[in-house]
Amino acid sequence: QQQVKQSPQSLIVQKGGISIINCAYENTAFDYFPWYQQFPGKGPALLIAIRPDVSEKKEGRFTISFNKSAKQFSLHIMDSQPGDSATYFCAASLISSGTYKYIFGTGTRLKVLA
Amino acid sequence: ETGVTQTPRHLVMGMTNKKSLKCEQHLGHNAMYWYKQSAKKPLELMFVYNFKEQTENNSVPSRFSPECPNSSHLFLHLHTLQPEDSALYLCASRLSGNTIYFGEGSWLTVV
């Protein structure tokens with residue numbers, strides 16, 4: 001029940017295309033859903049995040065769509081660029097024992113072709 | 001640069017060695033985390049400290065021993081590790097909001 005399922009495992013997109021990564025969760029206690037971007041040799045960095053009372057959040061070329069009833073959320077990268085090539089992790093957090101716990105998906109390796 | 005610094009960046013150790021990983025943040029954050037990142041696996045939460053007190057131990061083997069002397073520093077002491085413990089160990093910190101900030105990680109190889 002604490003899992004976050006992420007798909008696809010890898011994704012290849014042409015430059016200018018749309019990249020879509022999907023995540024699903026079970027635990028309705030999750031109340032915050034961030035996406036992290038990780039380049040090789042670096043730690044994950046926060047990209048964009050959403051709360052369950054909002055159905056969509058957009059920041060530049062990055063959009064999160066959130067479907068509370070389906071317990072699913074997705075990341076859309078519009079006009080994908082080679083510089084977006086990285087591994088993307090979805091996550092869900094909740095408060096447990098007075099501390100925020102973050103559960104991560106398995107990651108999606110995105111490659112954007114020039 | 002996230003403000004979370006991890007050292008060393010790379011560590012090779014034998015199974016009988018004792019070593020430590022260090023994490024330091026000067027962001028004024030009060031919660032610190034250790035995660036393990038292995039290939040094709042989700043980031044695995046290991047330990048959480050809140051105001052220097054351990055609030056989470058995610059069934060981590062005792063060969064991993066965390067230490068949090070103050071809110072700015074977090075250590076992971078390693079002893080008698082196994083080759084399957086080879087991974088990227090990530091430290092993260094959080095203030096009062098939801099966002100956690102990761103360091104660049106320490107690559108550990110156990111030989």
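For the structure, see preceding data.
Residues numbered from 1 in each chain as written. Chains lettered and ligands numbered in written order. Predicted model: local features only at pLDDT ≥ 70, side-chain atom pairs only at ≥ 80, totals over all residues. Heavy atoms only, no water.

A. The sheet that holds strand E3 (residues 19-25) of chain A, seen in detail. All names here are of chain A. The strand order E1-E3-E8-E7-E6 describes an open sheet built from five strands, whose pairing is antiparallel. Edge positions in the open sheet fall to strand E1 (4-7) and strand E6 (56-59), since each of these has one partner strand only. Recorded for the sheet is a direction-independent mean angle of 15° between the axes of neighbouring strands. Sheet analysis places E1 next to E3, joined by four bridges and oriented antiparallel. When the sheet's bridge partners are listed, serine 7 is paired in E3 with asparagine 22. (Pairing = 2+ DSSP bridges. Helix = DSSP H or I, 4+ residues; strand = E, 2+ residues; numbered from the N terminus. Axes fitted to C-alpha atoms, helices over the stretch in contact; angles between N-to-C directions.)

B. View of the environment of lysine 71 of chain A. All names here are of chain A. One can find lysine 71 in the loop between strand E7 (62-67) and strand E8 (72-77). A relative accessible area of 24% places lysine 71 in the partly exposed class. Here the alpha-carbon distance between lysine 71 and arginine 109, two residues 38 residues apart in the chain, equals 23 Å. With residues near it in sequence (within four places) discarded, lysine 71 still touches Cys23, Ala24, Tyr25, Glu26 and Thr28. (Buried < 20%, exposed > 50% of the residue type's maximum accessible area, 1.4 Å probe, protein only. Contact = heavy atoms within 4.5 Å.)

C. Broad picture of the side chain of glutamine 38 of chain A. Relative to the elements of secondary structure, glutamine 38 of chain A occurs in strand E4 (residues 33-38). Among the polar contacts listed, one links the side chain of glutamine 38 of chain A to the side chain of glutamine 37 of chain B, at a separation of 2.9 Å. For glutamine 38 of chain A, the residues in contact, after removing those within four places along its chain, are Gly43, Pro44, Ala86, Thr87 and Phe89 of chain A together with Gln37 and Leu88 of chain B. (Polar contact = N/O pair within 3.5 Å; in protein donor to acceptor, adjacent residues only side chain to side chain.)

D. Broad picture of the state of the cysteines. Using the criterion set out here, one finds two disulfides over all chains in the structure. Disulfide pairing is shown between cysteine 23 of chain A and cysteine 90 of chain A; the S-S distance is 1.9 Å. Looking down the S-S bond of the cysteine 23 of chain A and cysteine 90 of chain A bridge, the torsion is -95°, so its handedness is left-handed. With cysteine 23 of chain A in strand E3 and cysteine 90 of chain A in strand E9 (residues 86-96), the pair connects residues that are 67 residues apart, well separated along the chain. As far as the burial class goes, cysteine 23 of chain A and cysteine 90 of chain A line up, both buried. The side chain of cysteine 23 of chain B participates in a disulfide bridge whose partner is cysteine 91 of chain B; the two sulfur atoms lie 1.9 Å from each other. Note on the cysteine 23 of chain B and cysteine 91 of chain B pair: the S-S dihedral is about -75°, so by sign convention the disulfide is left-handed. You can see cysteine 23 of chain B sitting in strand E3 (residues 18-25) and its partner cysteine 91 of chain B sitting in strand E9 (residues 87-94), a full 68 residues away along the chain. A single burial state applies to cysteine 23 of chain B and to cysteine 91 of chain B, both of which are buried. Just so you know, cysteine 68 of chain B is unpaired, no disulfide at all, and the nearest cysteine sulfur is the one on cysteine 91 of chain B, 9.0 Å from it. Using a relative accessible area of 11% as the deciding quantity, one classes cysteine 68 of chain B as buried. (Disulfide = S-S within 2.5 Å.)

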